[in-house]
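Coordinate analysis (summary)
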Amino acid sequence: MNQYDLVVIGSGPAGRRGAIQAAKLGKRVLVVEKGTRVGGVSVHTGTIPSKTLRETALNLTGWRERGFYGRAYRVKKEISADDLRRRLLITLDHEVDVLEHQFARNRVHHIRGVAHFLDAHTLQIDKDDGEQMQVTANAVLLTVGTKPHRPAHIPFDGEKVIDSDELLHLTEIPRSMVVIGAGVIGIEYATIYSALDTRVTVIEPRQTMLDFIDREIVEDFTYELRDRSMKLIFGEKAEKVEREPNGKCRVHLSSGRTVSADMVLYCAGRIGAVESLKLDNIGLKADERGRIKVNPETFQTDVPNVYAAGDIIGFPSLASTAMEQGRIAARHAVGAPAADPPQYFPYGIYSVPEISTCGLTEEEVKARHIPYECGIARFRETSRGHIMGLDSGMLKMIFSLKTRRLLGVHIIGEGATELIHIGQAVLNLKGTVDYFVENTFNYPTLAEAYKIAGLDAWNRMGELADHNEDEAVQAQAAQ
Ligand SMILES: Cc1cc2nc3c(=O)[nH]c(=O)nc-3n(C[C@H](O)[C@H](O)[C@H](O)COP(=O)(O)OP(=O)(O)OC[C@H]3O[C@@H](n4cnc5c(N)ncnc54)[C@H](O)[C@@H]3O)c2cc1C
């Protein structure tokens, strides 16, 4: 009874997709999840809660309508933490329900408990009620994800000095907030709270933020955040955080400067949740950030029947990529290898405004000495943009001068994370600037920005016909 083809540890996007894939191939599959409900970080503390919070904030504040009605426009005058939480609970319940139904429909067994290795084929599961059980598996898929990094010098108290998990339990929307760390999670929450009228200061030790994003997009983004009075302090470390007698928090920076706020959100990094797995028992070691090394094609660890996928293997640490990794790993683990994934995947940052990117940045194209041309469209140039009252947002595409192929697409503004998929398809199908110039786009849409940006580049590129050389592929292969 306790013998499985595949045991998956963790029920986040990688585990869930891997388990269902193996079950669809007729295998006996068990998912072990230590959380009270299935879904992982993605459903309970990460992707879905943060995106629900963002949607609620934009709806209740009337953010999207302010281009027309002015910055003072509000749909709901007094927004409370309860308003934010209500929608969150409904969305999470629905997500868990769908997931449990998927497991049931595909006959995936799931058990609540903490799993650890006894040997490479045997796991012990410690259940909440104190009961222990052992299961054996032909293959094991580790999809245990990550948890927030909580350094000792930050006095977390779960109330005023918090990490990104604790943010979801706020009982009040703070009037001011310091966000330590300008990574994706820090920036998403900083801009969402700024949209809720919280005075936000972001502190980041590096001189820049979001280094993997095209610089022109980051410049536009930075301008927009400063324009709405967000404070961005770069090149400064948060050395100490203390609570003051008046209940406020004071953050001491490396320069000696201090910043005071109602709340401090610490968002500088996450570490792999490997501590309970007893990896030593199978001779596996995680790196200093708790990540596990895998073969990038099969997702096999150094122990051949043990696979790992999702955030536990590091970059890009996205729910979207975790799902694909889980699926490929599970196929390999049960002897049904998958086709290679397409070359380019999109990256979405659900800040306000949102950003999405796919393919090479202008900086990467330059570094590879690829002759290129850019095409840019501002959303305010599109009729849809006028109708929506958009005064910001842009789409940038980069094309090879030799092959005319699209090398990268970068978008900031309303709908960026949806619009990106047009560019992603053209990139993966090896399309050229001519696709955008020759095709008809629905009118009026924001997608029309693709045509405008295509024409912008085409005007400077002219009609060249040499489609032979393929630097983008070569450059990527040389990485
Ligand atoms: C605030 C935030 C916002 C995000 N926004 C986005 C976004 O917009 N888009 C996007 O694509 N990604 C986003 N992400 C990233 C996304 O959530 C992760 O990439 C994704 O959840 C990783 O999935 P995973 O399958 O690796 O594991 P996780 O979702 O991390 O789940 C791992 C599960 O394993 C369980 N577990 C751990 N150890 C054990 C054990 N020993 N036994 C049993 N169970 C165990 C944990 O309880 C957990 O439920 C966001 C993350 C955060 C934190």
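If you're wondering where the values come from, they're calculated on a predicted model, not measured in any experiment.

1. Focus: the overall build of the protein chain
For the protein chain, the helix and strand inventory stands at 14 helices and 22 strands. Relative to the 2.2 N^0.38 estimate, which gives 23 Å for 479 residues, the radius of gyration of the protein chain is 24 Å and therefore close to what a compact globule would have. Dimensions along the principal axes, computed over C-alpha positions, put the protein chain at roughly 65 × 65 × 40 Å. For the protein chain, buried positions account for 54% of its 479 residues. For the protein chain, the share of sequence-separated contacts (at least 6 apart) that also reach a separation of at least 24 residues comes to 65%. Surface summary for the protein chain: the accessible area is close to 21,600 Å², and the carbon and sulfur share equals 50%. Once the 58 positive and 64 negative side-chain charges of the protein chain are each reduced to a mean point, those two points are 3 Å apart.

2. Observations regarding the site of the ligand
Near the ligand there are 40 residues, and of these Ala14, Glu33, Lys51, Asp311 and Ala319 occur at the shortest range. Val41 places a main-chain nitrogen or oxygen 3.0 Å from an oxygen atom of the ligand. Contacts to the ligand include Ser320, whose backbone N or O atom sits 3.3 Å from an oxygen atom. With the chains in place, 94% of the 1,000 Å² that the ligand exposes on its own is no longer accessible. Within the residue set of the shell around the ligand, elements represented by two or more residues are α1 (13-24), β2 (29-33), α2 (40-44), α3 (47-61), β4 (114-119), α6 (184-195) and α8 (319-333). For the shell around the ligand, the class distribution of residues is 16 nonpolar, 19 polar and five charged.

3. Here we look at the packing of α1 against helix α5 (residues 81-105)
The interhelical angle for the contact between α1 and α5, taken along N-to-C directions, is 25°, at an axis separation of 10 Å. The angle between α1 and α5 falls in the class roughly parallel. Read as a crossing pair, α1 and α5 show a hand that is left-handed. Each of Arg16, Ala19 and Ile20 in α1 lies in contact with α5, whose residues at this interface are Glu95, Leu99, Gln102 and Phe103. Classifying every residue of the contact of α1 with α5 by side-chain character gives four nonpolar, one polar and two charged.

4. Notes on the packing of α1 against α8
Helix-helix packing: each pair is described by the crossing angle between the helix axes and the interaxial distance. Remark: α1 packs on α8, axes separated minimally by 7 Å, with the N-to-C direction vectors making an angle of 35°. Here α1 runs over α8; the crossing is right-handed. Of the residues in α8, those touching α1 at Pro13, Ala14, Arg17, Gly18, Gln21 and Ala22 are Ala319, Ala322, Met323, Glu324, Gly326, Arg327, Ala330 and Arg331. Looking at the contact of α1 with α8, its residues break down into seven nonpolar, three polar and four charged.

5. A look at the sheet that holds strand β15 (residues 263-266)
Overall, parallel pairing links the five strands, which are arranged β8-β15-β9-β10-β11 in an open sheet. In this open sheet, the two strands that pair with only one neighbour each are β8 (161-163) and β11 (231-234). If you compare each strand with its neighbour and ignore which way they point, the axes differ by 20° on average. Bridge count for β8 against β15 is three bridges, and the pairing is parallel. The partner of Val161 across the bridge, within β15, is Val264.

6. So, the nonpolar core
Core analysis: the biggest nonpolar cluster contains 101 residues, and Leu6, Leu142, Leu167, Tyr193, Val202, Met209 and Leu210 have the highest contact counts within it. Discounting chain neighbours no more than four positions away, the residues touching Leu142 are Ile9, Phe117, Leu277, Leu279, Ile292, Val306, Tyr307, Ala308, Ala309 and Ile312. Within the second largest apolar cluster, 27 residues are counted, among which are Cys358, Leu390, Leu419 and Leu446.

7. Considerations on α8
Helix length check: α8 (15 residues) gives 21 Å between terminal C-alpha atoms against 21 Å at 1.5 Å per residue, within 8%. Every buried residue of α8 is listed here: Ala319, Thr321, Ala322, Gln325, Gly326, Ile328, Ala329, Ala330 and Ala333. Of the surrounding elements, those touching the buried residues of α8 are β1 (3-9), α1, α2, α3, β6 (132-142) and β17 (306-308). Gly335, located one to two residues past α8, shows a positive phi value of around 80°.

8. Concerning the pattern of salt bridges
As enumerated under the stated definition, the model contains 32 salt bridges in all. As a salt-bridge pair, Lys127 and Glu131 come within 3.7 Å of each other at their nearest N and O atoms. Given a relative accessible area of 23%, Lys127 falls into the partly exposed group. By relative accessible area, Glu131 is classed as partly exposed at 40%. The shortest N-O distance in the salt bridge between Asp211 and Arg215 comes to 3.9 Å. The structure contains a network of salt bridges with shared partners spanning Glu204, Arg206, Asp211 and Arg215.

9. Considering the packing of aromatic side chains
Under the defined criterion, the tally for this structure stands at seven aromatic pairs. Look at Tyr69 and Tyr73: their rings are 5.0 Å apart centre to centre, the planes differ by 40°, and that puts the pair in the tilted class. For Tyr69, a relative accessible area of 54% translates into the label exposed. On the basis of relative accessible area, Tyr73 is assigned to the partly exposed category, the value being 28%. Taken together, the ring pairs in this structure connect Phe399, Tyr435, Phe436 and Tyr450 into an aromatic cluster.

Rules of the game
- Residues numbered from 1 in each chain as written.
- Predicted model: local features only at pLDDT ≥ 70, side-chain atom pairs only at ≥ 80, totals over all residues.
- Heavy atoms only, no water.
- Helix = DSSP H or I, 4+ residues; strand = E, 2+ residues; numbered from the N terminus.
- Rg over C-alpha atoms; globule rule 2.2 N^0.38 Å.
- Buried < 20%, exposed > 50% of the residue type's maximum accessible area, 1.4 Å probe, protein only.
- Contact = heavy atoms within 4.5 Å.
- Areas by Shrake-Rupley, 256 points an atom, 1.4 Å probe, with all protein chains shown as cover.
- Lys, Arg positive; Asp, Glu negative; His and termini not counted.
- Charge placed at Lys NZ, Arg CZ, Asp CG, Glu CD.
- Near = heavy atom within 4 Å.
- Polar contact = N/O pair within 3.5 Å; in protein donor to acceptor, adjacent residues only side chain to side chain.
- Nonpolar A, V, L, I, M, F, W, Y, C, P; charged D, E, K, R; others polar.
- Axes fitted to C-alpha atoms, helices over the stretch in contact; angles between N-to-C directions.
- Parallel < 35°, antiparallel > 145°, perpendicular 65-115°, else oblique.
- Left-handed = near helix turned anticlockwise from the far one by under 90°.
- Pairing = 2+ DSSP bridges.
- Core = buried A, V, L, I, M, F, W, Y, C linked by side-chain atoms within 4.5 Å.
- Expected span 1.5 Å × (residues − 1).
- Salt bridge = Lys/Arg side-chain N within 4 Å of Asp/Glu carboxyl O.
- Phe/Tyr/Trp six-rings, centres within 6.5 Å; stacked < 30°, edge-to-face > 60°.

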